[in-house]
Amino acid sequence: QVQLVESGGGSVQAGGSLKLTCVGTGFTRSDACMGWFRQAPGKEREGVAAVAQGGNPMYADSVKGRFTISRDFAKNTLYLQMSSLKPEDTAMYYCAARWSGCASIISSFFPYWGQGTQVTVSS
């Protein structure tokens with residue numbers, strides 16, 4: 001069964017950095033898209049970044065220039081390097097996967113999800 005497990009969340013001061021990791025198991029799809037989403041209390045879940053084999057990484061406008069997504073395709077492992085963190089980045093961050101490439105970072109198109117890892121950025 002497909003399983004995604006996130007790690008690396010924590011608490012950090014504004015301007016700091018964190019690196020999130022997502023380990024996927026139970027699939028070997030070469031065309032799988034893996035991405036990051038986040039959800040803060042009282043707000044809708046939003047796409048952060050995603051990448052597929054042979055594709056260009058995609059980023060939400062709010063994180064461009066600050067976050068970098070990378071992936072070890074052979075191990076189905078996804079990373080999110082977050083720098084220059086802001087209080088508004090505070091959220092539960094989720095790893096997600098779908099097949100047939102990364103057309104867009106829309107949560108309804110991703111059927112597989114991890115349990116989430118909390119990121120808290122204080123002023």
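Quick caveat: nothing in here was measured; it's all calculated off a predicted structure. (Residues numbered from 1 in each chain as written. Predicted model: local features only at pLDDT ≥ 70, side-chain atom pairs only at ≥ 80, totals over all residues. Heavy atoms only, no water.)

Generally speaking, soluble globular proteins have nonpolar side chains that are buried together. Grouped together as the largest cluster of nonpolar side chains are 29 residues, with contacts concentrated most on Trp36, Leu80, Met82 and Tyr93. Those elements giving two or more residues to this core turn out to be strand 3 (18–25), strand 4 (33–39), strand 5 (46–52), strand 7 (67–72), strand 8 (77–82), strand 9 (91–98) and strand 11 (117–122). In terms of residues, this core owes the most to one element, strand 9, which gives four residues. Formed by eight residues, the second largest nonpolar core is a distinct cluster that contains Phe37, Ala50, Cys102 and Phe110. (Core = buried A, V, L, I, M, F, W, Y, C linked by side-chain atoms within 4.5 Å. Buried < 20%, exposed > 50% of the residue type's maximum accessible area, 1.4 Å probe, protein only. Helix = DSSP H or I, 4+ residues; strand = E, 2+ residues; numbered from the N terminus.)

Let us look at the pairing of strand 8. Both strand 3 and strand 8 contribute to a ladder of six bridges, which runs antiparallel. The partner of Val23 across the bridge, within strand 8, is Thr77. Across six bridges, strand 7 lies against strand 8 in antiparallel orientation. Bridged to Thr68 within strand 8 is Gln81. Taken together, strand 7 and the strand that follows it, strand 8, pair antiparallel across an intervening segment of four residues, in which Asn76 is found at a positive phi of about 50°. (Pairing = 2+ DSSP bridges.)

Extensive coverage of strand 9 is indicated by the burial of seven of its eight residues. Of the pairings in the sheet, the one linking strand 9 to strand 11 comprises three bridges and is antiparallel in character. Bridging from a neighbouring strand, Met92 pairs with Gln118 of strand 11. As judged from the two bridges shared by strand 9 and strand 10 (residues 112–113), these two strands associate in the antiparallel manner. Looking across to strand 10, one finds that Ala96 is bridged to Trp113.

Shape is all these values report; function is a separate question.
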